[in-house]
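# Secondary and tertiary structure notes
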Amino acid sequence: MSLNNTPSSERIHIGIFGKRNAGKSSIINSLTGQSLAIVSDVKGTTTDPVLKAMELLPLGPVVMIDTPGLDDEGELGKLRIQKAYQILNKTDIAVLVVDGTTGMTKEDAAILERIQQKEIPYLIVLNKADLVSEDDKCTAIESAQAAYKIEKQRILWVSAADQTNIYELKEQIAALAPQEDSKLRIVGDLIHPSDFVVLVVPIDKAAPKGRLILPQQQTIRDILEADATAIVVKEHELRETLQNLSKKPSLVITDSQVFAKVSADTPGEIPLTSFSILFARYKGNLHTVVHGARALDTLEDGDTILISEGCTHHRQCDDIGTVKLPRWIRNYTGKQLNFEFTSGTEFPLELDRYKMVVHCGGCTLNEREMKYRLKCAEDANIPITNYGTAIAYMQGILERSIEIFPSLG
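Residues numbered from 1 in each chain as written. Predicted model: local features only at pLDDT ≥ 70, side-chain atom pairs only at ≥ 80, totals over all residues. Heavy atoms only, no water.

Each helix and strand in the chain was counted, giving 14 helices and 14 strands. For 409 residues, the compact-globule formula gives about 22 Å, and the C-alpha radius of gyration of the chain, at 24 Å, lands near that figure. With the C-alpha coordinates aligned to their principal axes, the bounding extent of the chain is approximately 75 × 50 × 40 Å. Buried residues in the chain amount to 53% of all 409 residues. If you average the places of the 45 positive and of the 55 negative side-chain charges in the chain, the two averages end up 3 Å apart. (Helix = DSSP H or I, 4+ residues; strand = E, 2+ residues; numbered from the N terminus. Rg over C-alpha atoms; globule rule 2.2 N^0.38 Å. Buried < 20%, exposed > 50% of the residue type's maximum accessible area, 1.4 Å probe, protein only. Lys, Arg positive; Asp, Glu negative; His and termini not counted. Charge placed at Lys NZ, Arg CZ, Asp CG, Glu CD.)

Dropping the structure here:
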């Protein structure tokens, strides 16, 4: 991941849905001008969601998502269909591709209803326009409008075969893009030009070789955009660095795993917080995760906690999610607790079995998917927090870590 690239979590996610052989993969290839998706006359070529980060003009950085057919068959087919529906949770714009020679089917109608329920901006693309007469095209649009309460501007005839209306499809997708909120900052609104900001970044077995992890990269970029200075140190270098600086830093930001040491080495007059807490605010859920962390005090013997990560990675012997956090939570509560783990796109549809959810910072998840997971917890009345907030709470330094956000008081 380069500092020059837009992270996937910051890109608009465009989900392409439809039945087998409706032409989903062909539409993706036509939109992008590349052979990104495998095209075949054999039904079910796309067996799992395929995500591809790319540039799509005139929209800009996007993630295109090719999904399995909604009419897949057998037990394995049911699982593939479920995967397609799960992709809706991270979809910012939905494109429903319908075989124009057959028209809307019950499978198309079912996912359209779910798209509308989730209030996802969408387009219905009637593909194979080259095989349909003009009269039949008009009839198909009128029928879809009447049957499914669809505005005419949401329906477009295209042909992936001869590129009919592909340019218009790009323009309509771009028009549906959510407007960027320029007020959202990771840290830039908390600092001023010429400020020093110290970032504490442990380099251990779990640290990726040759690079910083995504939240660290994004935070550095935001500091530089604020015309401030980012100073990056390991935890054992912090005390000496603070002593040697010509002026007091405006903020110290730490990786959650070394929160306790960093708090001890940072004088009380210097504001301190963590990457996890900053990103919870950035994604709009800081109040929720702060409240959720306090649920640690309500745990009882036999309770089950879900620890969930948004990404997948090679786990080290002392992995924070599967090893350190369970150990720290057991030590803090003194209770005999059970833990279950999920990662990547896997997130339970039902949360009733859990007493609380501890989630990662969600740096690889886009805003829609993170909000979906938070809403699942809210609907089930299950407290949810994130790694950094939970760690700060257990170590007695959460209040210090959120002092820079008076609205939480």
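The next subject is empty space enclosed by the protein. Inspection of every chain in the model, using the stated rule, returns 1 cavity of 30 Å³ or more. The space that makes up the largest cavity amounts to roughly 60 Å³. Around the largest cavity, the lining residues are A280, N285, V289, H359, C360, G361, M370, L374, I384, T385 and N386. Contributing elements (two or more residues each) for the lining of the largest cavity: α12 (367-379) and β14 (384-386). Ranked by residues supplied to the lining of the largest cavity, first place goes to β14 with 3 residues. Each residue belonging to the lining of the largest cavity can be placed in one class, and the counts come to 6 nonpolar, 5 polar and no charged. (1 Å grid on protein atoms, 1.4 Å probe; cavity = no way out; pocket = protein on both sides within 12 Å on 5 of 7 lines; lining within 4 Å. Points joined across faces, edges and corners; volume = space filled by probe spheres on them. Nonpolar A, V, L, I, M, F, W, Y, C, P; charged D, E, K, R; others polar.)

The next thing to look at is the sheet that holds strand β4 (residues 93-99). Pairing within the open sheet is mixed, and its 6 strands lie in the order β2-β3-β1-β4-β5-β6. A strand with exactly one partner marks an edge of an open sheet, and here the two such strands are β2 (50-56) and β6 (155-157). Taken over all neighbouring pairs, the strand axes of this sheet differ in orientation by 25 degrees on average, direction set aside. Where strand β1 (residues 12-18) lies against β4, 5 bridges are found, and the strand directions are parallel. Its bridge partner being in β4, F17 is matched across the sheet by L96. The strands touched by helix α1 (residues 24-32) are β1, β2, β3 (60-66), β4 and β5 (122-127); relative to β3, the strand with the most contacts, the crossing angle is about 165 degrees. (Pairing = 2+ DSSP bridges. Axes fitted to C-alpha atoms, helices over the stretch in contact; angles between N-to-C directions. Contact = heavy atoms within 4.5 Å.)

Before going further, it helps to spend a moment on the environment of A147. On the secondary structure map, A147 appears in helix α4 (residues 134-148). It is 43 Å that separates the C-alpha atoms of A147 and T385, two residues lying 238 residues apart in sequence.

The final tally for this structure, using the stated rule, is 24 salt bridges. Its salt-bridge partner being D99, residue K128 comes within 3.0 Å of it at the nearest N-O pair. Here K128, found in the loop between β5 and α4, pairs with D99, found in strand β4; they are 29 residues apart in sequence, far enough to count as distant. Judged by its relative accessible area of 23%, K128 falls in the partly exposed class. Here the residues in one salt-bridge network are R20, D71, D72, E73 and R80, joined through shared partners. (Salt bridge = Lys/Arg side-chain N within 4 Å of Asp/Glu carboxyl O.)

Take the pairing of strand β13 (residues 356-359) next. Every second residue of β13 is oriented toward a common face, with M356 and V358 on one face and V357 and H359 on the other, all of them buried. Here strand β11 (residues 304-308) runs beside β13; their pairing, made up of 4 bridges, is parallel. Its bridge partner lying in β13, S308 is registered against H359. Bridge count between β13 and β14: 3 bridges; the pairing is parallel.

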